[in-house]
Amino acid sequence: MEKKNKKINLSYLIERNIKNRKYKDGITNGSTFLFSLLCVVILFLVIGYVLFTGANYLTPGFITSNYSQSSVALRTPKDFVYNENDYDFSDLERFDDTYYSEKWGIGLQYGKDNNQNQVIYLVQMSENSPFHELVRRDDGTNFNIPSDMYLSYITVQTELGTYKTAFSEDGIENMISTLDEAVSIYDSNFLTLGGGISTSLITTCYLILFTLIFSLPLGIGGAIYLGYYAKDNRITRIIRSLVDMSSGIPSIIFGLVGATIFIPFVGSMTGTTGGNIFTGALTMTLILLPTIVKTVEESIKTIPKSMISASLALGASNTETIFKIVLPNSIDGILNAAILGIGRTIGESAALVFALGTFITAAPSFTSGNTTLAVHIWYILAGEYPAYEQACAISIIIFCVVVVLSLSTKLINYLFRRKRER
Amino acid sequence: MKNPFKFKKEIVNADLFNNDLPLPHSEEYPDEEVIFSVKDFQFYYDNGEKHALKDINLEIFKKKVTAFIGPSGCGKSTLLRCFNRMNDLIDGNKKEGEILYKGTPIDTLNTIQLRSKVGMVFQQPNPFPMSIYNNITYGPKCQGLRNKKSLDKIVYDSLNDVGLYEEVKDQISHSGTSLSGGQQQRLCIARCIAMSPDIILMDEPTSALDPIATLKIEELIRKLKEKYTIIIVTHNMQQAARISDYTAFFML
């Protein structure tokens with residue numbers, strides 16, 4: 001076939017298309033803008049909801065207290081007789097926001113528990129107050145009321161011999177008037193703040209520590225193999241694509257592996273039953289390995305080949321080259337991998353439900369089940385009365401950590417880029 | 001495919017460190033002592049598909065500058081990198097014939113020992129991103145030298161030899177990458193001679209430098225000739241004429 005040299009009038013085409021294009025570009029640009037705006041709006045709505053709902057619940061008491069509540073019931077001794085002339089409460093210092101019972105020499109103050117309910121704290125006690133004589137109802141031993149316990153109710157015996165109970169929900173005035181009628185205290189219940197997250201918070205830190213201890217050496221080793229030693233052949237390509245693929249496996253499957261392999265494995269070595277921090281850390285190691293291998297390998301690959309050649313040409317062995325040239329120059333990748341790992345460990349819940357456990361214990365334990373913050377959220381939402389507000393408060397903590405971590409990766413990358421350019 | 005579990009047995013030859021060892025004299029040039037001799041050498045890339053070097057017969061003479069010239073892609077750098085077995089790092093390489101270093105085939109030698117006797121300077125200045133001091137002591141430290149005094153002496157001598165000491169004596173702990181291009185290349189040469197090699201291989205060492213830095217490197221090569229055997233790959237005929245004693249011309 002012969003080629004026909006037909007002249008194309010480009011300027012005419014452009015003129016014809018210019019109007020057409022304007023509309024097309026307008027529609028595409030407008031829709032991209034709208035979609036991205038929608039994404040941003042949704043993101044801000046989610047963050048806003050969590051912040052708005054959880055902010056009130058995120059108190060120091062929430063972070064430092066245990067999930068379980070402990071209580072103590074106190075009464076005056078059985079041979080106690082109230083005699084007005086015995087007591088001198090002049091040492092009691094008076095404050096505006098505190099209510100005082102003149103008969104018993106104590107100061108009460110409003111406080112809030114972790115469900116934002118009004119509770120009453122015993123904040124002041126005169127040195128001569130009969131409250132120092134209170135004993136435990138169960139074994140009759142003396143008990144000093146710690147400052148982090150609040151008063152939930154008090155039952156007193158009046159002069160007439162009848163009993164009268166005042167609950168903290170009914171307010172301090174009611175309680176003080178009840179106390180004024182009393183001649184002895186029959187029952188008083190003091191409680192610690194419950195519903196806190198201190199155990200989960202500490203467990204999360206332990207889990208991060210052990211996960212990094214297990215996963216970083218393995219991941220860096222794998223990355224050195226793939227980025228430095230491995231020849232570019234079929235086996236390497238298969239390994240590399242397997243690593244890529246395993247980063248896409250849902251984490252609940254890893255949790256299954258953790259439950260069926262690591263729990264018996266760790267159990268046979270340490271004698272534990274069920275999940276604990278080590279089984280959780282081993283499972284998280286499986287989840288993190290692909291990410292760490294990929295991140296560190298990318299970083300190793302950016303090291304100029306000439307630098308490695310120079311090291312080898314100077315008579316350094318492969319090991320010396322790795323420890324003196326490759327690893328020091330890929331330290332940014334290693335740090336990034338560690339930070340990604342920390343973020344992933346904090347956010348992971350599905351796998352840890354199986355591999356770590358869902359029991360919120362009183363103290364972090366290495367031998368029994370625990371929860372991380374994310375599993376804590378799962379736990380308090382899974383019950384009959386989901387505690388959305390507390391879940392949001394925990395989410396705020398996780399948000400903050402993740403934001404700090406992602407900012408620090410940016411900082412690390414910036415610092416190392418500047419160092420390299422210099 | 002090669003068996004990955006089969007390791008090549010490499011021997012460590014103590015004779016290589018003996019500089020008084022009598023070397024054979026060349027038949028063609030009876031005055032010269034032969035340090036490297038290449039015999040019927042063939043080199044292939046890509047599992048034998050690309051025949052890069054064909055029937056190379058060559059002798060490198062002791063304490064002389066030998067220049068390799070020829071058109072691009074004719075295999076000058078390939079042969080140069082064969083001398084310290086850097087080509088072994090490339091996948092799918094294949095060689096026939098042999099290269100003798102002081103009468104010993106280099107393929108039987110331990111690569112670390114060979115590379116400590118045969119230094120190399122690359123086309124692009126490639127100092128390590130560490131201090132000038134650490135750059136120079138990198139090689140000796142890898143060989144296990146820990147004595148601070150000897151290391152200081154090596155740094156002083158090597159920097160003096162390349163004429164860099166006066167220029168950098170106040171910033172010896174600064175990063176090697178903070179120097180200018182010409183200084184970086186001289187630092188690389190200093191790093192190389194810190195290992196006190198017999199031979200320095202130079203792969204177009206001046207192609208990334210300006211004329212003044214080039215001139216300095218050429219002067220340096222002329223000076224280093226008294227102590228070391230130098231093989232230099234160059235694209236610049238004038239440079240080959242200026243600095244070399246012998247020239248090998250490669251045909252495509």
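These notes cover the structure that comes with them. (Residues numbered from 1 in each chain as written. Chains lettered and ligands numbered in written order. Predicted model: local features only at pLDDT ≥ 70, side-chain atom pairs only at ≥ 80, totals over all residues. Heavy atoms only, no water.)

**Quick notes on the sheet that holds strand β8 (residues 229-233) of chain B**
Backbone hydrogen bonds are what pair the strands of a sheet, in a parallel or an antiparallel way. Residue and element names in this part refer to chain B. Taken together, the five strands give an open sheet; going across it, the order is β6-β7-β8-β3-β9, and neighbouring strands pair in parallel fashion. Edge positions in the open sheet fall to β6 (118-121) and β9 (246-249), since each of these has one partner strand only. Neighbouring strand axes in the sheet, compared pairwise and without regard to direction, differ in orientation by 20° on average. As paired strands, strand β3 (residues 65-69) and β9 are joined by four bridges and run parallel to one another. (Pairing = 2+ DSSP bridges. Helix = DSSP H or I, 4+ residues; strand = E, 2+ residues; numbered from the N terminus. Axes fitted to C-alpha atoms, helices over the stretch in contact; angles between N-to-C directions.)

**Overview of the packing of helix α3 (residues 132-142) of chain B against helix α6 (residues 181-193) of chain B**
Residues and elements named next belong to chain B. At a minimum axis separation of 7 Å, α3 and α6 run at an interaxial angle of 35°. Note on packing geometry: the crossing formed by α3 with α6 is right-handed. Side by side, α3 and α6 meet where Ile132, Asn135 and Ile136 of the first sit next to Leu187, Ala190 and Arg191 of the second. The class makeup of the residues in the contact of α3 with α6 is four nonpolar, one polar and one charged. (Left-handed = near helix turned anticlockwise from the far one by under 90°. Contact = heavy atoms within 4.5 Å. Nonpolar A, V, L, I, M, F, W, Y, C, P; charged D, E, K, R; others polar.)

**So, the pairing of strand β1 (residues 34-45) of chain B**
Residue and element names in this part refer to chain B. Across the 12 residues that make up β1, a large majority, 10, are buried. Where β1 meets strand β2 (residues 50-61), eight bridges bridge the pair, whose relative direction is antiparallel. For Phe41, the partnering residue across the bridge sits in β2 and is Ile56. Linkage of β1 to β2, two consecutive antiparallel strands, is achieved through a turn of four residues, within which Asp46 is found at a positive phi near 50°. Taken together, the seven bridges between β1 and strand β4 (residues 94-101) define a ladder with antiparallel strand orientation. Paired with Ser37 across the two strands is Leu100, which belongs to β4. (Buried < 20%, exposed > 50% of the residue type's maximum accessible area, 1.4 Å probe, protein only.)

**Let's talk about the interface of chain A and chain B**
Counting residues at the interface gives 20 residues for chain A and 24 residues for chain B. Between chain A and chain B the total buried area reaches about 1,700 Å² when both faces are included, carbon and sulfur atoms providing 65% of it. Counting the surface chain A buries against chain B, the share from its top three residues, Ala313, Leu314 and Lys324 of chain A, is 33%. Where chain A packs against chain B, one counts zero salt bridges. The tally of links from chain A across to chain B stands at four residue pairs in polar contact (both at pLDDT 80 or more). At the level of secondary structure, the elements contributing two or more residues to the side of chain A that touches chain B comprise α8 (305-313) and α9 (318-329) of chain A. The element best represented in the side of chain A that touches chain B is α8 of chain A, accounting for seven residues. In terms of residue class, the side of chain A that touches chain B is made up of eight nonpolar, seven polar and five charged. (Buried area = accessible area lost by both parts, 1.4 Å probe. Salt bridge = Lys/Arg side-chain N within 4 Å of Asp/Glu carboxyl O. Polar contact = N/O pair within 3.5 Å; in protein donor to acceptor, adjacent residues only side chain to side chain.)

**Quick notes on the environment of Asp46 of chain B**
Counting through the fold element by element, Asp46 of chain B comes out in the loop between β1 and β2. Residues Asp46 of chain B and Ala213 of chain B, spaced 167 residues apart in sequence, show a C-alpha to C-alpha distance of 37 Å.

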